[in-house]
Amino acid sequence: MKAAAARAAIAHVPAGSVVGVGTGSTANYFIDALGEIRGRIEGAVASSEATATRLKALGIPVLELNDVSEMPVYVDGADEITANLAMIKGGGGALTREKIVGAVAGKFICIADDSKLVDVLGRFPLPVEVIPMAQAHVARQLVKLGGQPVLRAGFRTDNGNIILDVRGLKIVDPSGLESEINQIAGVVTVGLFAKRPADVLLLGTAGGVETRCHPA
């Protein structure tokens, strides 16, 4: 179902364009599909070092985001997504770069299997990227918000920071909580993608790929 959703995303990639590419197991299916049409695109912007490596291995030119003036589409997976297309992302630890690349893209396409579709976000631990010296302070503030933060052991992001995975949250106001956590001193970003949700969800199901658009 992940692979089917990833293949469906290829239809949303304009010829001659630069494509933003996410990180993770579902995004890897998209990268593999992108490799089959690499001659039709100018190149890709990667949201992680792992994604850049996979793109290069398939002969897809990897461009720096600062060198790109226009990027019509960004394709990535999600750890959880609601009917309103708000997401939790960052299970792979690339949330900050994913959020940056997604912000630049004209359209954000989420590819996922139907196990990722939820009524309320929060069953999947919410990742928060944190500057290391702020770990204790940020953890205390997250506890005040009702969460149970746990350091992701032995992990550093591509930016050299740590991840706190926050359990125990039932996120009824994703946009509000995104703002609140991002205001904590020492937080780089939180893995809530609600202020800039997905524009399109390609949902892999047993019956095929469903297309859902943001209810704007």
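All residue numbers refer to position in the chain's written sequence, counted from 1. In keeping with the predicted nature of the model, local features appear solely for residues at pLDDT of at least 70, side-chain atom pairs appear and are counted solely at 80 or more, and the whole-chain, interface and lining totals rest on all residues. Side-chain descriptors were evaluated using all non-hydrogen atoms of the structure, hydrogens and water having been removed beforehand.

Undergrad: Where do I start with the environment of Cys110 in this structure?
TA: By definition, any uninterrupted DSSP run of H or I lasting at least four residues is a helix, any uninterrupted run of E lasting at least two residues is a strand, and each is numbered from the N terminus. Looking at the secondary structure, you find Cys110 in strand β6 (residues 107–113). Think of it in three bands: residues with accessible area under 20% of the maximum for their type are buried, residues over 50% are exposed, and the middle band is partly exposed, with areas taken using a 1.4 Å probe on protein chains only. By relative accessible area, which is 0% here, Cys110 ends up buried. Between the alpha carbons of Cys110 and Asn159 there is a distance of 24 Å; along the sequence they are 49 residues apart. Any two residues having at least one pair of non-hydrogen atoms within 4.5 Å are treated as being in contact. Beyond its immediate stretch of four places on either side in the chain, Cys110 contacts Asp76, Gly77, Ala78, Ile81, Met87, Ala198, Val200, Leu201 and Leu202.

Undergrad: Is there a simple way to think about the pattern of salt bridges in this case?
TA: Close approach of charged atoms allows side chains of opposite charge to pair. Here, a salt bridge means any Lys or Arg side-chain nitrogen found within 4 Å of an Asp or Glu carboxyl oxygen. Under the definition given, this model contains eight salt bridges. For Arg97, the salt bridge identified is with Glu49, shortest N-O distance 3.1 Å. In this pair, Arg97 sits in helix α4 (residues 95–104) while Glu49 sits in helix α3 (residues 49–57), placing the two residues 48 residues apart along the sequence. Overall, Arg97 belongs to the partly exposed group, its relative accessible area being 25%. Put simply, Asp199 and Arg196 hold a salt bridge, and the shortest N to O gap is 2.7 Å. Taking the relative accessible area as the measure of exposure, Asp199 reaches 26% and is therefore partly exposed. One salt-bridge network, in which partners are shared between bridges, spans Asp76, Lys89 and Glu98.

Undergrad: What is the right way to look at unusual backbone geometry in this model?
TA: Keep in mind that most residues, glycine aside, have a negative phi and that most peptide bonds are trans. Positive phi, normally seen in glycine, also occurs at Leu85, with a value near 70 degrees. Mapping Leu85 onto the fold places it in the loop between β4 (80–81) and β5 (87–88). By relative accessible area, Leu85 is classed as buried at 1%.

Undergrad: Honestly, the sheet that holds β4 in this entry has me stumped. Any pointers?
TA: Strand pairing within a sheet occurs via backbone hydrogen bonds; the two strands may be parallel or antiparallel. Strand order in the open sheet made by the three strands is β4-β5-β11, with antiparallel pairing throughout. Unpaired on one side and paired on the other, β4 and β11 (192–193) mark the two borders of the sheet. By the bridge criterion, two bridges tie β5 to β11 in an arrangement that is antiparallel. Counterpart to Met87 in the pairing with β11 is Phe193. For two strands to count as paired, DSSP must find a minimum of two bridges between them.

Undergrad: What should I look at first to understand the packing of helix α2 (residues 25–35) against α3 in this one?
TA: A pair of packed helices can be characterised by two numbers: the angle between their axes and the separation between those axes. For the pair α2 and α3, interaxial distance at closest approach is 9 Å and the crossing angle is 25 degrees. Our classification of the angle between α2 and α3 gives roughly parallel. The chirality of how α2 crosses α3 is right-handed. Of the residues in α3, those touching α2 at Asn28, Ile31, Asp32 and Leu34 are Thr51, Arg54 and Leu55. Per-class residue counts for the contact of α2 with α3 are three nonpolar, two polar and two charged. An axis is simply a line fitted to the C-alpha atoms; with a helix, the fit covers only the stretch in contact. Between two such axes, the angle follows the N-to-C directions and lies from 0 to 180 degrees. An angle counts as roughly parallel when it lies under 35 degrees, as roughly antiparallel when it exceeds 145, as roughly perpendicular when it falls between 65 and 115, and as oblique in every other case. Handedness of each helix crossing follows the sense of rotation of the near helix against the far helix: counterclockwise by less than a right angle gives left-handed, clockwise gives right-handed. Ten residues, namely Ala, Val, Leu, Ile, Met, Phe, Trp, Tyr, Cys and Pro, are considered nonpolar, four, namely Asp, Glu, Lys and Arg, are considered charged, and the remaining ones, Gly among them, are considered polar.

Undergrad: How should the nonpolar core be read in this particular structure?
TA: Soluble globular proteins tend to bury their nonpolar side chains together. By convention a nonpolar core is built from buried Ala, Val, Leu, Ile, Met, Phe, Trp, Tyr and Cys residues, the set being connected through side-chain atoms within 4.5 Å. Counting 24 residues, the largest nonpolar core has Val21, Phe30, Leu34, Leu55 and Ile111 as the members making the most contacts within it. Those elements that provide at least two residues to this core are α1 (2–9), β1 (18–21), α2, β2 (43–46), α3, β3 (73–76), β6 and β12 (200–205). When residues of this core are assigned to their parent elements, the largest contribution, four residues, is made by α2. If we ignore the near neighbours within four places in the chain, the residues touching Phe30 are Ala6, Ala9, Ile10, Val13, Val19, Val21, Val75 and Ile111. Listed in part, the 23 residues of the second largest apolar core include Ile88, Leu126, Leu164 and Ile171.

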